[in-house]
Amino acid sequence: MLDADAATLPRDESAARLHAERPLAPALPLPQLYARVARHVTPAEWPLIARDVEAIERLKKERNAVVLGHNYQAPEIFNTVADIVGDSLALAREAVTVDADVIVMAGVHFMAETAKLLNPSKTVLMPDMKAGCSLAESITAADIRLLRERFPGVPVVTYVNTSAEVKAESDYCCTSGNAVKVVRHVAKEWGTNRILMLPDEFLAQNVQKEVPELELIAWKGHCEVHERFTPQDIRDLRENHPGVVVLAHPECPPEVVAEADYAGSTAGMADYVRDEKPARVVLITECSMADNVSVQHPDVEFVRPCNLCPHMRRITLPAIRRSLETMTHAVEIDPAIADRARLAVERMLAIR
Ligand code: 13P
Ligand code: SF4
């Protein structure tokens, strides 16, 4: 068993894009796209998928649109129509620079809101408005206002997995890829050692281990995917798959992270596989991630326990196609809220 120190929290610069080198256009020919997804899509399924892919590529040109895809998207989205892929930090950063009139978010609602905050003049489309997030649901703007009354003068750092209303009540945002850096920055900037870090209790507890000099006050929000992993799961994986390297997302409970060899954002985990090339690896996170990372590392054996995020799964190729055909559902944010929420996101992005 490894001690807690072995599982260091995110490399700050780990917001890498798995396909950062992939040009926005032109799209690859269909046979090359099929080669990328052949392990997940049967030849019988491919013609239907290919029809949607072709239609989406045509619509992207007509609408001058790009598709941003989170690392948890299904392989047939991630490896075909997504122009830019990455963790939530990378998607937020890319949303600022993207050269298009329309952004389609192949991810969940808070990611689309973040893209809209950073691109108020662009149309940001969400293929399915019901693609939410248990963390974003766990806290409201009123909760933050109450916490501010209870902890006067204590800065509020909220995870990017929150609504625009919650961001508007926050001083800074953070993601799993930069949380340690953000709380250190805020502590210095505000001259305080107490920070409200909301709403992910486990992320706050995992970050707390990295910053013992600070006092992070947490909330009881949890990710419904990562909270299901247990330390016993990791011990069983090690026993059944000798030599397996365990990478965990910091939304997992701290006891799970303590059993892992490395903890980091989805991009941090992908970087780890790319840089360390473990012979056998398991990603303790949403299971589409392993499908996507494995495409680029055919020599690495991926052990695949499977916890799926039901919200990410709402995004499908037909939903993306419909979204571009009908230009729905456009994400709108009340300008009074957007201005304040944008500040919290921009303050985060300014920290390098
Ligand atoms: P990342 O920022 O690591 O991509 O995580 C987003 C998320 O929703 C994890 O559950
Ligand atoms: Fe939210 Fe968890 Fe799904 Fe990520 S995996 S979108 S944190 S519910």
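For the structure itself, consult the block above.
Residues numbered from 1 in each chain as written. Chains lettered and ligands numbered in written order. Predicted model: local features only at pLDDT ≥ 70, side-chain atom pairs only at ≥ 80, totals over all residues. Heavy atoms only, no water.

With that settled, consider the overall build of the protein chain. Helix and strand counts for the protein chain come out as 16 helices and 12 strands. Against the 2.2 N^0.38 benchmark of 20 Å for 352 residues, the protein chain shows a C-alpha radius of gyration of 20 Å, consistent with a compact globule. When each of the 352 residues of the protein chain is scored for burial, the buried share is 60%. Taking the intrachain contacts of the protein chain between residues at least 6 apart in sequence as the baseline, contacts between residues at least 24 apart amount to 66%. Element-wise, carbon and sulfur atoms account for 52% of the exposed surface of the protein chain, whose accessible area totals about 14300 Å². With 39 positive and 51 negative side-chain charges, the protein chain shows a spacing of 3 Å between the two charge centroids. (Helix = DSSP H or I, 4+ residues; strand = E, 2+ residues; numbered from the N terminus. Rg over C-alpha atoms; globule rule 2.2 N^0.38 Å. Buried < 20%, exposed > 50% of the residue type's maximum accessible area, 1.4 Å probe, protein only. Contact = heavy atoms within 4.5 Å. Areas by Shrake-Rupley, 256 points an atom, 1.4 Å probe, with all protein chains shown as cover. Lys, Arg positive; Asp, Glu negative; His and termini not counted. Charge placed at Lys NZ, Arg CZ, Asp CG, Glu CD.)

Looking now at the site of ligand 2. Around ligand 2 lies a shell formed by Tyr72, Val108, Cys133, Ser134, Leu135, Asn161, Cys223, Val225, Glu251, Cys309 and His311. When its residues are assigned to classes, the shell around ligand 2 shows 7 nonpolar, 3 polar and 1 charged. (Near = heavy atom within 4 Å. Nonpolar A, V, L, I, M, F, W, Y, C, P; charged D, E, K, R; others polar.)

A few words on the packing of aromatic side chains. For the structure on display, the rule yields 2 aromatic pairs. Judged by centre distance (5.1 Å) and plane angle (45 degrees), the ring pair of tyrosine 34 and tryptophan 46 falls under tilted. Taken together, the residues tyrosine 34 in helix H1 (residues 30–37) and tryptophan 46 in helix H2 (residues 46–63) connect sequence positions 12 residues apart. Of the residues examined, tyrosine 34 reaches a relative accessible area of 18% and is grouped as buried. Classification of tryptophan 46 as buried rests on a relative accessible area of 11%. The ring of tyrosine 172 carries arginine 347 above its face, with NZ or CZ at 5.7 Å from the centroid. (Phe/Tyr/Trp six-rings, centres within 6.5 Å; stacked < 30°, edge-to-face > 60°. Lys NZ or Arg CZ within 6 Å of the ring centre and 35° of its normal.)

Around ligand 1, the neighbouring residues are His70, Tyr72, Asp87, Ser88, Asn161, Ser176, His226, His249, Glu251, Ser265 and Thr266. Within the contact set of ligand 1, an oxygen atom lies 2.8 Å away from a side-chain nitrogen or oxygen of glutamate 251. (Polar contact = N/O pair within 3.5 Å; in protein donor to acceptor, adjacent residues only side chain to side chain.)

This part covers the packing of helix H9 (residues 179–190) against helix H10 (residues 201–210). For the pair H9 and H10, interaxial distance at closest approach is 10 Å and the crossing angle is 70 degrees. It follows that H9 is roughly perpendicular to H10 by the angle criterion. Classified by chirality, the crossing of H10 by H9 is right-handed. In this structure, H9 contributes Ala179, Val180, Val183 and Arg184 to the contact, and H10 contributes Leu203, Val207 and Glu210. Of the residues that constitute the contact of H9 with H10, the class distribution is 5 nonpolar, no polar and 2 charged. (Axes fitted to C-alpha atoms, helices over the stretch in contact; angles between N-to-C directions. Parallel < 35°, antiparallel > 145°, perpendicular 65-115°, else oblique. Left-handed = near helix turned anticlockwise from the far one by under 90°.)

What follows covers the sheet that holds strand E2 (residues 84–86). Spatial strand order, E2-E1-E3-E4: 4 strands in an open sheet with parallel pairing. A single partner strand is all that each edge strand has here, and the edge strands are E2 and strand E4 (123–125). Adjacent strand axes in the sheet meet at a mean angle of 20 degrees when their direction is disregarded. Pairing of strand E3 (residues 102–106) with E4 involves 3 bridges; the strand directions are parallel. Opposite valine 102, over in E4, you have threonine 123 as the bridge partner. The sheet strands contacting helix H4 (residues 88–97) are strand E1 (65–70), E2 and E3, and the helix crosses E2 at an angle near 145 degrees. Seen against the sheet, helix H15 (residues 317–326) touches E1, E3 and E4 and runs at an angle of roughly 160 degrees to E3. (Pairing = 2+ DSSP bridges.)

With respect to burial, E1 is a largely interior element, 6 of its 6 residues being buried. Both E1 and E3 contribute to a ladder of 5 bridges, which runs parallel. Within the sheet, the bridge partner assigned to leucine 68 lies in E3 and is methionine 105. Two elements, E1 and E2, share 3 bridges in a ladder whose sense is parallel.

In terms of nonpolar packing, the biggest core is built from 97 residues, with Met197, Val207, Leu247, Leu283 and Ile320 touching the most fellow members. Counting residues per element, this core draws most heavily on helix H16 (residues 335–350), which supplies 7 residues. By size, the runner-up hydrophobic cluster in this structure holds 14 residues, among which are Val246, Val257, Ala263 and Ile284. (Core = buried A, V, L, I, M, F, W, Y, C linked by side-chain atoms within 4.5 Å.)

Quick look at H4 now. Where burial is concerned, most of H4 is hidden: 8 out of the 10 residues are buried. Every buried residue of H4 is listed here: Ser88, Leu89, Ala90, Leu91, Ala92, Arg93, Glu94 and Ala95.

For the structure shown, the criterion picks out 19 salt bridges. For arginine 274, the salt bridge goes to aspartate 275, with nearest N and O atoms at 2.9 Å. Given a relative accessible area of 39%, arginine 274 falls into the partly exposed group. (Salt bridge = Lys/Arg side-chain N within 4 Å of Asp/Glu carboxyl O.)

The next point concerns the packing of H1 against H2. Two elements in contact, H1 and H2, have axes whose closest approach is 11 Å; the angle formed by their N-to-C orientations is 120 degrees. In terms of their interaxial angle, H1 and H2 are classed as oblique. Regarding H1 and H2, the two cross each other, and that crossing is right-handed. Every residue of H2 that contacts H1 at Leu30, Leu33, Tyr34 and Val37 is listed here: Trp46, Ala50, Val53 and Glu54. The residue inventory of the contact of H1 with H2, partitioned by class, reads 7 nonpolar, no polar and 1 charged.

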